[in-house]
Structures are given as structure tokens and as C-alpha cells.
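Chain by chain, the residues run as shown.
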Amino acid sequence: MAQISKLPPEQWDPRIAAAVKPEEATDLEQGLTRYFAHCPEQALGLMGFGGALKMNRSLPDRLVELVRLRIAFFNQCRSCMAIRYKDALADGLDEQLVCSLEKPAEADNLSDAEKSAIHYGELFATDHLAIDDAVHDDLRRHFSEAQIVELGMTVAFFVGFGRLAATWKMVEELPAAFQDMEKTLSPWGEEAIAVR
């Protein structure tokens, strides 16, 4: 059971409802909005920031999704692990690539740029002070300064809000494989996922 009550769409601020169109989305697709709607102004600001990260992205959707899923594992965010975004699937993400996230440094189907971004995201989620000159030098082999900043903001968003979602234990609508809060899960190797 979730730690925070969900606000039903009919109680949302009309601006949130207009942006999300809950009548066209499943409960899972409404996601965190059902909780954030308790604080409309903050929710709208967050939606603006999240939307800017996504709509103005210069990084490949596949790369961002791989980084997101690796971070989701460290956050143990069930909803984050259970979801696959359509734009990433259209950009070549498949479950074989997701399975590569178990040992990304050893994966032969990940590009060097993807490995570098995944490593950065993993460190950000597990030991952020270990992100040193060598890590940034490796990122610079693949990305512009603007892309590194974009990656940093995106990773910060994933780490922070993934951890928040994990603490709220939002698992009721997830596939059964992701509902057990007593065991450590991974986004790779699971059969039941939701495409969003």
C-alpha cells in the first residue's frame, strides 16, 4: 500500500488535468502526478522541468532510458523498473539491452557512450563523490559540455524522484513481479513490464 494517498483526477487542479489528460491515461500512466497533485504549484513547476528535460533533449532516448533503468535498480524504485518508455523503444531499446544493464561495463551491445553515461549515472546513485576528473574526461570523449550538463540534470531528476517514489511504495498497479517490497528486484530479466 502506498505511503501517500493518491488524489483522484477529478480533484486535480484544472491546469494539471489539462497537461496530463488523465482520462486518456491508465492509472500507471498517471503515475506520480496522482501524488504530486496534492501540491499543484510545485507539481506544475516539476512538470515544466521534467518536460523541458524530455522535450529539449539532445541525448538519445535509448541512452537516457538505459541510464534511467540502471538508476532505478539502485533506487529500488519498482514503478521506475517496471516501465519502458515508447520513445526509447522506438530508438532501439529492447529487453536484450535492458539485460545488459546487469553488467554494463562487460556488455558488447552497448556503445562506449552508453557505457560512459551509465557509469556516470551509477556513480551518481551510489557514490556521487567518486565522480572525479577521470569520469568527466571519459564523458567528454562522447558528449559536449552541454550534453554532460543535460545528463547531470537528467540523472539528478532520476535519482531524486526515483528514491521519492520508492519511499512512497507505489506498487498497487504494477505487474505482480514488481509488487514484493521485501526483495531486491532488477529491471532486467522480468517478463511483465508496462510500456508508457
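As the structure is a computational prediction, the values presented were derived from the model and not from experiment. (Residues numbered from 1 in each chain as written. Predicted model: local features only at pLDDT ≥ 70, side-chain atom pairs only at ≥ 80, totals over all residues. Heavy atoms only, no water.)

### Side note on the overall build of the protein chain
Scanning the protein chain from terminus to terminus reveals 11 helices and two strands. The helix and strand sequence of the protein chain, counted from the amino end, reads α-α-α-α-α-α-β-α-α-α-α-α-β. Over its C-alpha trace the protein chain gives a radius of gyration of 17 Å, about what one expects of a compact globule, namely 16 Å for 196 residues. Seen through its principal axes, the protein chain has C-alpha atoms that stretch 50 × 35 × 30 Å. The burial tally for the protein chain puts 43% of its 196 residues in the buried class. Counted over contacts in the protein chain with a minimum sequence separation of 6, partners at least 24 positions apart contribute 71%. Summing over all exposed atoms, the protein chain offers an accessible surface of approximately 10,000 Å²; the carbon and sulfur share of this is 55%. For the protein chain, the distance from the average site of its 20 positive side-chain charges to the average site of its 32 negative ones is 2 Å. (Helix = DSSP H or I, 4+ residues; strand = E, 2+ residues; numbered from the N terminus. Rg over C-alpha atoms; globule rule 2.2 N^0.38 Å. Buried < 20%, exposed > 50% of the residue type's maximum accessible area, 1.4 Å probe, protein only. Contact = heavy atoms within 4.5 Å. Areas by Shrake-Rupley, 256 points an atom, 1.4 Å probe, with all protein chains shown as cover. Lys, Arg positive; Asp, Glu negative; His and termini not counted. Charge placed at Lys NZ, Arg CZ, Asp CG, Glu CD.)

### Quick look at the packing of helix α5 (residues 61–75) against helix α11 (residues 145–168)
To describe two helices that pack against each other, one gives the angle between their axes and the distance between the axes. The interhelical angle for the contact between α5 and α11, taken along N-to-C directions, is 40 degrees, at an axis separation of 9 Å. At the point where α5 passes α11, the crossing takes the right-handed sense. Side by side, α5 and α11 meet where Val64, Val67, Arg68, Ile71 and Asn75 of the first sit next to Thr154, Val155, Phe158, Val159, Gly162, Arg163 and Ala166 of the second. Split into classes, the residues belonging to the contact of α5 with α11 amount to seven nonpolar, three polar and two charged. (Axes fitted to C-alpha atoms, helices over the stretch in contact; angles between N-to-C directions. Left-handed = near helix turned anticlockwise from the far one by under 90°. Nonpolar A, V, L, I, M, F, W, Y, C, P; charged D, E, K, R; others polar.)

### Side note on the side chain of Ser79
The residue Ser79 is located in helix α6 (residues 78–82) in this model. Excluding anything up to four places from it in sequence, Ser79 contacts Ala165, Met170 and Leu174.

### Concerning the packing of aromatic side chains
Applying the stated criterion across every chain, the model contains seven aromatic pairs. Here the aromatic rings of Tyr35 and Trp168 are separated by 5.7 Å at their centres, their planes lie at 40 degrees, and the arrangement is tilted. One end of the pair, Tyr35, is in helix α3 (residues 33–36); the other, Trp168, is in helix α11, and 133 residues separate them in sequence. Between Phe36 and Phe161 the ring centres are 5.8 Å apart and the planes differ by 80 degrees, which places this aromatic pair in the edge-to-face class. With Phe36 in helix α3 and Phe161 in helix α11, the pair connects residues that are 125 residues apart, well separated along the chain. Assessed through its relative accessible area of 17%, Phe36 is described here as buried. Feature note: the residues Tyr35, Phe36, Phe49, Phe157, Phe161 and Trp168 constitute an aromatic cluster, connected by ring pairs. (Phe/Tyr/Trp six-rings, centres within 6.5 Å; stacked < 30°, edge-to-face > 60°.)

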